[in-house]
Amino acid sequence: MDKKLSKDAYGNVPGKDYVPYISSGSKIGGNAAVLIIGIILAVLFAASTAYSGMKSGLTVAAGIPGSIIGSAFISAFSKKKGLLGKNLIQGMASGGESVASGIIFVLPAVLLIGSNVSFLEGFVVGTGGVLFGIGIASIVHKYLIVEEHGKLMYPESMAISETLVASEGAGESIKFMGIGFGIGGIITAVTSSFLNVANNVISYVNESFYKWKFQIEVNPLLLGIGFIVGLDVSLTMFAGSILANFGILPLIGYFTALGQSNAFVWNDPGTAINAMNVSNISGSYVKYIGAGMMLSGGLIGAIRLIPTIISSIKETLSAKSTNKADSSSVGTLILLGGIIIGFLAGFLISGGNILMAVVASILSLFLSLLFVIVSGRLTGTIGTSNLPVSGMTIASLVLVTLLFVALGWVSPENNKSLLLFGTFIVTAIAIAGGYCQSQKVSFILGGDKSEMQKYFAIASIVGVAVVIGTILLLSSQLSLTGDDVTFALPQANLMATLTAGIISGELPWVMIIVGTVMGIVLFLLNLPIMTIAIGFYLPISTTSIILIGAFVRLLIERTSKSEKEKDIKVSNGISLSSGLVAGGSIIGLVGIILQVSGVIKGIAPSGFAETNGMAFLLLAALVITTIVPIIKSKTS
């Protein structure tokens, strides 16, 4: 019989009366083996999330794949630590992923404005954000996790808890992850990210009369993301791409063809307006409309959060007035560490400007405090995968940017400092969601709160080092702007556009305003602004393969003969897709390391290998090798 959580885990009793799954015996799940396995997974998920997130603008939560892989490792290396050891490992995997999904939103923007960032600057800022986020979240732990038990559902925490409790079946999940990793690794190795012996982009571009572009990048990690996020999100993003490439682009193309030969592109003085091709239009105009859409989506999202912010702060303060602060000595030390390192980071990144160091650090800590509490509460409602980190970060960055402009800090060097303060804030917001999610799993299963705190903090700091290292390694590719770049960086591009534009006054304001108005229209139509905006901003080659991944999932669901068969096959498909994401990211990253170090020199494909036909063959191979194992999986 399958093991399951009790109904009380879902809130039939007050949190203080809830009896956890492991209610007697030792609450300690950690030892050296658990710590080492957790650090390895934190490194894996931090690197793969950084790579895939910068490419697609989407990140995939690590809790469930982390719990599955952790189950296998615990069974192999530390069986006596059982369920509580597996719980710590999934928490550490989440720590690595949460750090990546925060830092990549802002830090690459430093490269996009033409500045450089050192490892020390990135590491100190990221570590300060991690410790402050965990510290503040630990203060409100009792309120969010215990007192709100059953009211805040923590959907992903419950899914992770159920996965861990039923972890005898983890062998099947591990098998599918392995298949996915193999498929993703092989296809990535033969294409541009590694050996570059085969073209993997199906491309059709029309430069005459009605200008348009349609492409599909045959990329395993993007197909895997599409399977995981499903049809609704994928189709919504693709709708944004259709609007950009078949609506706005041809419209701009029609008017620019009528332009005078002495009028030039605003950010490319060497190109005449009437000589622009599809790539010029997309990179210099369409993308900025997308940035305006994302900006309006972020600000509307932040405004809609105001009631949640007020109620979160109110209820947290009232909870504190009736209960002694539920803050362990570990949590207090972590919070103090976050405040101290936050101020040290402020002095490090302010270039000797004492006033900036003090004032901007205080504002960053205040905004982080505010949004960490909101992040923890929202995770309880919608999970970390749907956390509106972009909206909270945009709102914070606009406030910090206005402070900088008011005090006259408007040089490019000041812009770099501004973005590093933004990196502190976004790291704290992102880490708080992952931390609260992991602590809820501990509460449900019966783990020790302080132990999870320590292990999660260690994994997160390791994650900071890995993400900063990944960004620096890829810096030459991340700093490229325009159309058809390797890493689209939608969020970081928005942060760079926003801060540099406000500081310098050199923004294509008409494009930004048009995008903002389009975002407001989407809001009035009750459509998901940010999802459409990211699809509008991303290359259509990215959103089209994500959509194909969602169609693969739809096919699996529609061909299943019963609800039980569908659940099993979709679960196996998600495991395989997690493997595709990990395989594509890690092998892609290894390929770039080998290319940068000169170990391999990718040769450009030639002959049939460089045609659309080759890319179609790769697409067929990817889709078939993904579908067949899932269709054939055991359902009994």
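What you are looking at is a predicted structure, and each value in this text was computed from that prediction instead of being measured.

Undergrad: What exactly am I supposed to notice about the pairing of strand S1 (residues 201-206) here?
TA: The side chains of a regular strand alternate between both faces of the sheet. Where S1 lies against strand S2 (residues 212-217), 6 bridges are found, and the strand directions are antiparallel. Following the sheet pairing, valine 201 is matched in S2 by glutamate 217. Turn length for the S1-S2 hairpin, with the two strands adjacent in sequence and antiparallel, is 5 residues, and the turn residue phenylalanine 209 shows positive phi of about 50°.

Undergrad: Please explain a nonpolar patch on the surface as it appears in this structure.
TA: Taken together, the side chains of Trp509, Ile513, Val517, Val521, Leu525 and Leu527 make up a nonpolar region of the molecular surface, amounting to roughly 540 Å² of accessible area. On the secondary structure map, valine 521 appears in helix H19 (residues 509-524). For valine 521, a relative accessible area of 41% corresponds to the partly exposed category.

Undergrad: Help me out: how do you make sense of helix H18 (residues 490-504) in this one?
TA: Since the α-helix turns once every 3.6 residues, residues separated by three or four places project in the same direction. Here H18 spans 21 Å end to end across 15 residues, near enough to the 21 Å set by a 1.5 Å rise per residue. Burial analysis of H18 places 12 of its 15 residues in the buried class, which makes it a mostly covered element. Glycine 505 sits one or two positions beyond H18 and adopts a positive phi of about 75°.

Undergrad: Help me out: how do you make sense of the layout of surface pockets in this one?
TA: The rolling of a water-molecule-sized probe over the atoms marks out the regions of remaining empty space. In this structure, the second largest pocket occupies an estimated 620 Å³ of space. Those elements giving two or more residues to the lining of the second largest pocket turn out to be helix H10 (278-304), helix H15 (412-445) and H18. Classifying every residue of the lining of the second largest pocket by side-chain character gives 12 nonpolar, 12 polar and 3 charged.

Undergrad: Looking at this structure, how should I read the packing of aromatic side chains?
TA: Aromatic ring pairs are described here by two measures, namely the spacing of the ring centres and the angle between the planes. Evaluated as defined, the whole model comprises 10 aromatic pairs. Seen from their ring centres, phenylalanine 119 and phenylalanine 123 are 5.7 Å apart, and the 10° between their planes marks the pair as stacked. Here phenylalanine 123 and phenylalanine 119 lie together in helix H5 (residues 119-139), a separation of 4 residues that amounts to about one turn. Taking the relative accessible area as the measure of exposure, phenylalanine 119 reaches 39% and is therefore partly exposed. Relative accessible area serves as the criterion here: at 25%, phenylalanine 123 is assigned to the partly exposed category.

Undergrad: Even after reading the chapter, I still don't get the packing of helix H7 (residues 155-165) against H15, so can you show me in this structure?
TA: The interhelical angle for the contact between H7 and H15, taken along N-to-C directions, is 50°, at an axis separation of 9 Å. Taken together, the axis directions place H7 and H15 in an arrangement best described as oblique. Handedness of the crossing formed by H7 with H15: right-handed. Contacts between H7 and H15 pair Glu156, Ser157, Met158, Ile160, Ser161, Leu164 and Val165 from the former with Gln437, Lys440, Val441, Ile444 and Leu445 from the latter. Looking at the contact of H7 with H15 residue by residue, the class counts come to 7 nonpolar, 3 polar and 2 charged.

Undergrad: Whenever I open this one, the side chain of threonine 384 confuses me. Can you help?
TA: In this fold, threonine 384 is placed in the loop between helix H13 (354-382) and helix H14 (389-406). Given the relative accessible area of 16%, threonine 384 is considered buried. Within the local environment of threonine 384, its side chain forms a polar contact with the side chain of glutamate 156, the two groups lying 2.8 Å apart. Side-chain polar atoms of threonine 384 contact the side chain of glutamine 437, separated by 3.2 Å.

Undergrad: What should I look at first to understand helix H21 (residues 540-559) in this one?
TA: Compared with an ideal rise of 1.5 Å per residue, which puts 20 residues at 28 Å, H21 spans 28 Å between its outermost C-alpha atoms and is within 8% of the ideal. For H21, a buried count of 14 out of 20 residues is recorded, marking the element as mostly surrounded by other parts of the structure.

Undergrad: Would you mind going over unusual backbone geometry with me for this structure?
TA: Most peptide bonds adopt trans geometry, and most residues besides glycine take a negative phi value. Its identity is not glycine, yet tyrosine 154 carries a phi of approximately 45°, on the positive side. Its location among the elements puts tyrosine 154 in the loop between helix H6 (141-147) and H7. The backbone of phenylalanine 209 shows a phi angle near 50°, a positive value even though the residue is not glycine. On the secondary structure map, phenylalanine 209 appears in the loop between S1 and S2.

Undergrad: Would you mind showing me how to read the packing of H15 against H18 here?
TA: Two quantities define a packed helix pair, namely the angle between the axes and the distance from one axis to the other. Where H15 contacts H18, the two axes come as close as 10 Å, and the packing angle between them is 135°. Taken together, the axes of H15 and H18 are oblique relative to one another. Handedness of the H15/H18 crossing: right-handed. From H15, Asn415, Leu418 and Leu419 reach across to H18, where they touch Met495, Thr499, Ala500 and Ile503. Classifying every residue of the contact of H15 with H18 by side-chain character gives 5 nonpolar, 2 polar and no charged.

Scoring rules and cut-offs
Residues numbered from 1 in each chain as written. Predicted model: local features only at pLDDT ≥ 70, side-chain atom pairs only at ≥ 80, totals over all residues. Heavy atoms only, no water. Pairing = 2+ DSSP bridges. Helix = DSSP H or I, 4+ residues; strand = E, 2+ residues; numbered from the N terminus. Patch = residues over 30% accessible without salt bridge, like charges linked within 9 Å, V, L, I, M, F, W, Y side chains within 5 Å. Areas by Shrake-Rupley, 256 points an atom, 1.4 Å probe, with all protein chains shown as cover. Salt bridge = Lys/Arg side-chain N within 4 Å of Asp/Glu carboxyl O. Buried < 20%, exposed > 50% of the residue type's maximum accessible area, 1.4 Å probe, protein only. Expected span 1.5 Å × (residues − 1). 1 Å grid on protein atoms, 1.4 Å probe; cavity = no way out; pocket = protein on both sides within 12 Å on 5 of 7 lines; lining within 4 Å. Points joined across faces, edges and corners; volume = space filled by probe spheres on them. Nonpolar A, V, L, I, M, F, W, Y, C, P; charged D, E, K, R; others polar. Phe/Tyr/Trp six-rings, centres within 6.5 Å; stacked < 30°, edge-to-face > 60°. Axes fitted to C-alpha atoms, helices over the stretch in contact; angles between N-to-C directions. Parallel < 35°, antiparallel > 145°, perpendicular 65-115°, else oblique. Left-handed = near helix turned anticlockwise from the far one by under 90°. Contact = heavy atoms within 4.5 Å. Polar contact = N/O pair within 3.5 Å; in protein donor to acceptor, adjacent residues only side chain to side chain.

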